[in-house]
Number of protein chains: 2
Amino acid sequence: MLKEKVLKTIKKFQLIPKGSKVLVALSGGPDSVTLLHVLLSLKEELQIEVFAAHLNHMLRGEESERDERFVKELCKKWNVPLLTGRVNVKEISKGRNVEAVARDVRYKFLNEKLKEIDGNLIATGHTASDLLETVLLNLAKGAGVKGLRGFLPKRDRIVRPLFEVTREEVEAYVKEKGLPFVVDSSNLSTEYERNLLRLKVVPVLKEINPSVETAVLRTTEILRDVEEFLELSVEPLLREFLKDGKFCIPLTEFKKLHDALKKELITRAYRALTGESLSYENVSSVISLLRKEGYKEVELSKGFIAYRDQRELCIQRKEEGDVKPFYFEVRELPAKVDTPVGTLFFEKDRGKPVVSYEEFKEKGIIIRSRKPGDRLIFRRFSKPLKKFLIEKKVPAKERDKLPIVISGDRIIWIPGLYRAYINDTHVSYVGVRFEKSDSKGFDTGREDKAESSGTC
Amino acid sequence: MLKEKVLKTIKKFQLIPKGSKVLVALSGGPDSVTLLHVLLSLKEELQIEVFAAHLNHMLRGEESERDERFVKELCKKWNVPLLTGRVNVKEISKGRNVEAVARDVRYKFLNEKLKEIDGNLIATGHTASDLLETVLLNLAKGAGVKGLRGFLPKRDRIVRPLFEVTREEVEAYVKEKGLPFVVDSSNLSTEYERNLLRLKVVPVLKEINPSVETAVLRTTEILRDVEEFLELSVEPLLREFLKDGKFCIPLTEFKKLHDALKKELITRAYRALTGESLSYENVSSVISLLRKEGYKEVELSKGFIAYRDQRELCIQRKEEGDVKPFYFEVRELPAKVDTPVGTLFFEKDRGKPVVSYEEFKEKGIIIRSRKPGDRLIFRRFSKPLKKFLIEKKVPAKERDKLPIVISGDRIIWIPGLYRAYINDTHVSYVGVRFEKSDSKGFDTGREDKAESSGTC
């Protein structure tokens, strides 16, 4: 009965192709012993080779030694090649969460042993009951679609043939076949939360629905589909806009997306950049950047930031003193533009003239950070912007913060440093004003007086 | 504090527009009393009118009367117009689930009273704690995205201003303001499952995460987004292929969809047709029709069926004795086609010739149910198919089951009834054979002998 069910699971999820070399992660508990027993009984039918691996985490003193002895004896009796290892997890965890370290060390060990036997799959004894507990735990702690779908029947090289089997079915199988197993007393201490759920919550859910594991298996199946669909929906955008260690998407593209996809895309971009999950709060704060105008940024975890300017939304590593390139466009007057060093105001016929109104109506004004190749035009000559900034003794790290104001392909204003010549016979013009921000930007307090107008 | 939180919820979800007439569903319990109190205190700020309604379900004898008296007194004291009603729910439920009947009756009552006062919104006292319980209950019983997202902050005319408030916060508010309320003793009997969750499960989840309600609010927000995205993704298909009381989508269109959308589409089509949810099993069995070849059908609930032929997947009401239109195409030989009356075999140069092989290679063969306008071509005349079938005394209800075999726009074969003339000088031909199915289809046992060949 259980054997047939496991076989069905293996076929349904295509867990184990013919000719596989499967390494069973064998703790010695009822789940992994059952898994090993079932896989051995399916050896011919599946045409597979079965190995076992056991890592002694040395966390429970004599009990850990007992488990290792038990597993060795069992594999000898069942004639299964066993690979063992020993790691003093407490010693290497150094204050980090022991459970998490043990998990990492275990999977590293399993992958090494898999390589040693030239195998292709690691099989673990996770059951539908574990899945139910995982889903409940994630729900309690806060989860999205990924959290609610729990672990997968197959992921990379790890397969879970007992995925659709309940703990009760394992217990019945162990009893029926008279299989030996060990009990991990740490179940009652280290995995405290999971045990709370197992002992106090699941029995109540079973009173409401005796087949609660089946219900949750179906729910997770639906959610796996939904997750995949969301993933496929944002995948082309991720491929297009994730490059050079940063993710930058044009706002026009991003705003077209449904909210569900916006969140999915941000989450996946961050995961692709950092390998970590982005918290709900961080996802929300990135999304909320869209409601702002001008340049805004938020700090994320892992030393990353998200920022938006008028053109793009980006996620990238924060570099101290570094300023993200920015870009704004002004088409209507009056206009106000926030930049890293302060606020620029543009008005018709008020303030210092920088361009004729006629030209503005035709070309608009662009405010952006400097680019290689930028040149300033004076009456009788032109000069690379870089050279000009060096002459003006603007510190290198401040140069990227400067707002470069452009009409067409001509620089018309750099607050405090440069203003292009404008023929004042023009009836109407665009006038500018600059207000330094409080932040420690480049000191442009010399505004106007020190301004190297294009007229000089 | 609570007042501000409720105001934030109202704004965030745009629950109550200015100038609204709000009818508060007032049971007299702490949630609804708090809701009424908060809305009254926000009356000026929101520019709303507040009414209350109370339905006496007459389910708890004197306690029901006490609640009604309490609510009347409270509304008098607070100067709130109150609309009341009395329904003997037990009497009208007649064996149906009393809780469900009470719910239906209550919402009907609230909508009637809303009309009476010419109001636009019904406000209910559902809290984030109720949401958590709903999500857990649905998870335990089996849920998809819709079940896991629980109830909505706003649906049609119903708004839930306490959506983001926990039961603890309500209790603190009631205590702080010294608000009177009644306790519904039936909480401990009629809503048995919900109380199991409230008393036994939620406290454990709170031990794992004291802010579990906040966690679940976020999860449901994510799922509401995902649900809306799925809905929007299938909506154009629903609009295009749902008509005349049935849903029929070309297989070519359907097979293009991601599994998540296939399921969503089936679920929504069924709901649009019946107003009910389709079970997970039924959704799966509809999807599994795709893996079959030829004509197949499955029974759904509510007297509906789903079927597929070579061209379409349909969901429609099952009508006794009725046969769904069917359509198959044959392009390769040999071929086998299942029809409602039996199986048709097509082979090259074997069986009764119906069309030259040359013509077949060019046009293929179509096997479909009859259509208005179908005509049979004989040597010197043609005749409406309908007239022919009447002459042949084929019962009206059997006529739609007949497979009409067509080449180009010419009927070439109706098993047991008609076979078109074929010039046997053709070197190669398509030959046919018919095997009656065991089912009680039209009796085509007269095959060949009685066949009105086009040669007559």
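Residues numbered from 1 in each chain as written. Chains lettered and ligands numbered in written order. Predicted model: local features only at pLDDT ≥ 70, side-chain atom pairs only at ≥ 80, totals over all residues. Heavy atoms only, no water.

**Some remarks on the pattern of salt bridges**
For step 1, the next point in the chain: Using the criterion set out here, one finds 84 salt bridges over all chains in the structure.
For step 2, the next point in the chain: The salt bridge partner of Lys 108 of chain A is Glu 112 of chain A, with a shortest N-O separation of 3.6 Å. Note that Lys 108 of chain A and Glu 112 of chain A are positioned in helix α6 (residues 98-116) at a spacing of four residues, about one turn of the helix.
For step 3, the next point in the chain: When its relative accessible area of 41% is taken as the criterion, Glu 112 of chain A is described as partly exposed.
For step 4, the next point in the chain: Several salt bridges share partner residues, and in doing so they unite Lys 12, Glu 164, Glu 221 and Asp 225 of chain A together with Lys 263 of chain B into one network. (Salt bridge = Lys/Arg side-chain N within 4 Å of Asp/Glu carboxyl O. Helix = DSSP H or I, 4+ residues; strand = E, 2+ residues; numbered from the N terminus. Buried < 20%, exposed > 50% of the residue type's maximum accessible area, 1.4 Å probe, protein only.)

**Observations regarding the relation of the copies chain B and chain A**
For step 1, the next point in the chain: For the match of chain B to chain A, the screw axis carries a shift of 0.0 Å, the RMSD comes to 0.3 Å, and the turn is 179°. Taken together, the turn and the small shift mark the pair as related by a two-fold rotation axis. For chain B, the minimum C-alpha distance to the rotation axis belongs to Val 201 of chain B and amounts to 2.7 Å. (Least-squares fit on C-alpha atoms with pLDDT ≥ 70 in both.)

**Side note on the interface of chain B and chain A**
A common way to report how large an interface is uses the accessible area buried once the components associate.
For step 1, the next point in the chain: Of the residues lining the interface, 44 residues belong to chain B; the matching set on chain A comes to 44 residues.
For step 2, the next point in the chain: Summed over both sides, the interface between chain B and chain A buries roughly 3900 Å², with carbon and sulfur atoms accounting for 72% of that surface.
For step 3, the next point in the chain: Summed over the three residues of chain B that lose the most area to chain A, namely Ile 208, Phe 229 and Tyr 280 of chain B, the buried surface amounts to 17% of that side.
For step 4, the next point in the chain: Where chain B packs against chain A, one counts six salt bridges. (Contact = heavy atoms within 4.5 Å. Buried area = accessible area lost by both parts, 1.4 Å probe.)

**Observations concerning the state of the cysteines**
Residue and element names in this part refer to chain A.
For step 1, the next point in the chain: Under the counting rule described, the total for this entry stands at two disulfides over all chains.
For step 2, the next point in the chain: The disulfide partner of Cys 248 is Cys 314, and the gap between their sulfur atoms is 2.0 Å. Negative torsions about the S-S bond denote left-handed disulfides, and the value of about 120° found for Cys 248 with Cys 314 makes this one right-handed. Linking Cys 248 in strand β8 (residues 246-250) with Cys 314 in strand β11 (residues 312-317), this pair joins segments that are 66 residues apart in sequence. Residue Cys 248 shares its accessibility class with Cys 314, and that shared class is buried. (Disulfide = S-S within 2.5 Å.)

**As for the sheet that holds strand β13 (residues 335-339) of chain A**
Residue and element names in this part refer to chain A.
For step 1, the next point in the chain: Here we have four strands laid out as an open sheet, ordered β13-β14-β22-β15, and antiparallel in their pairing. Edge positions in the sheet fall to β13 and β15 (352-356), since each of these pairs with one other strand and no more. Taken over all neighbouring pairs, the strand axes of this sheet differ in orientation by 30° on average, direction set aside.
For step 2, the next point in the chain: Here four bridges tie β15 to strand β22 (residues 429-436), and the two strands are oriented antiparallel to one another. Across the sheet, residue Ser 356 finds its bridge partner in β22, namely Tyr 429. (Pairing = 2+ DSSP bridges. Axes fitted to C-alpha atoms, helices over the stretch in contact; angles between N-to-C directions.)

**Quick look at the sheet that holds strand β7 (residues 242-243) of chain A**
Residue and element names in this part refer to chain A.
For step 1, the next point in the chain: As summarised here, the arrangement of the five strands in space is β7-β8-β11-β10-β9, forming an open sheet in which the pairing is antiparallel. With partners counted over all chains shown, the strands left at the sheet margins are β7 and β9 (296-299), one partner each.
For step 2, the next point in the chain: Where strand β10 (residues 304-308) lies against β11, five bridges are found, and the strand directions are antiparallel. Opposite Arg 308, over in β11, you have Leu 313 as the bridge partner.

**Quick look at the packing of aromatic side chains**
Residues and elements named next belong to chain B.
For step 1, the next point in the chain: Counted according to the given criterion, the structure contains 21 aromatic pairs over all chains.
For step 2, the next point in the chain: Between Phe 346 and Trp 413, the aromatic rings sit 6.2 Å apart at their centres with planes inclined by 90°, giving edge-to-face as the arrangement. Here the residue Phe 346 occupies a position in strand β14 (residues 342-348), and Trp 413 occupies one in strand β20 (residues 410-414), the gap between them amounting to 67 residues.
For step 3, the next point in the chain: Assessed through its relative accessible area of 0%, Phe 346 is described here as buried.
For step 4, the next point in the chain: The ring of Phe 345 is capped by Arg 433, whose NZ or CZ atom sits 4.1 Å from the centre of that ring. (Phe/Tyr/Trp six-rings, centres within 6.5 Å; stacked < 30°, edge-to-face > 60°. Lys NZ or Arg CZ within 6 Å of the ring centre and 35° of its normal.)

**Focus: the UniProt feature "binding site: ATP" (unreviewed entry) in chain A**
All names here are of chain A.
For step 1, the next point in the chain: The UniProt feature table records "binding site: ATP" (unreviewed entry) at Ser 27, Gly 28, Gly 29, Pro 30, Asp 31 and Ser 32.
For step 2, the next point in the chain: For Gly 28, the location among the structural elements is in the loop between β1 (21-25) and α2 (30-41).
For step 3, the next point in the chain: What makes Gly 28 buried here is its relative accessible area of 0%.
For step 4, the next point in the chain: Along the polypeptide, Pro 30 turns up in helix α2.
For step 5, the next point in the chain: Overall, the relative accessible area of 25% leaves Pro 30 in the partly exposed class.
For step 6, the next point in the chain: Setting aside its immediate chain neighbours within four residues, Pro 30 contacts Val 170, Val 174, Phe 181 and Val 182. (UniProt positions renumbered as here; feature names shortened; annotations may be inferred.)

**Some thoughts on the domain arrangement of chain A**
Residue and element names in this part refer to chain A.
For step 1, the next point in the chain: Domain parsing of chain A yields domain 1 (2-221), domain 2 (244-317) and domain 3 (327-453).
For step 2, the next point in the chain: Taking the mean C-alpha position of each, domain 2 and domain 3 sit 29 Å from one another.
For step 3, the next point in the chain: Around 540 Å² of area is buried between domain 2 and domain 3 when both sides are counted, 56% of it from carbon and sulfur atoms.
For step 4, the next point in the chain: The three residues of domain 2 that bury the most area against domain 3 are Tyr 295, Gln 310 and Arg 311, which together make up 75% of that side's buried surface.
For step 5, the next point in the chain: At the junction of domain 2 and domain 3, the tally comes to zero salt bridges.
For step 6, the next point in the chain: Counting every contact that joins domain 2 to domain 3 gives one residue pair in polar contact (both at pLDDT 80 or more).
For step 7, the next point in the chain: Broken down by class, the residue content of the side of domain 2 that touches domain 3 amounts to one nonpolar, two polar and three charged. (Domains from an automatic or database assignment. Polar contact = N/O pair within 3.5 Å; in protein donor to acceptor, adjacent residues only side chain to side chain. Nonpolar A, V, L, I, M, F, W, Y, C, P; charged D, E, K, R; others polar.)

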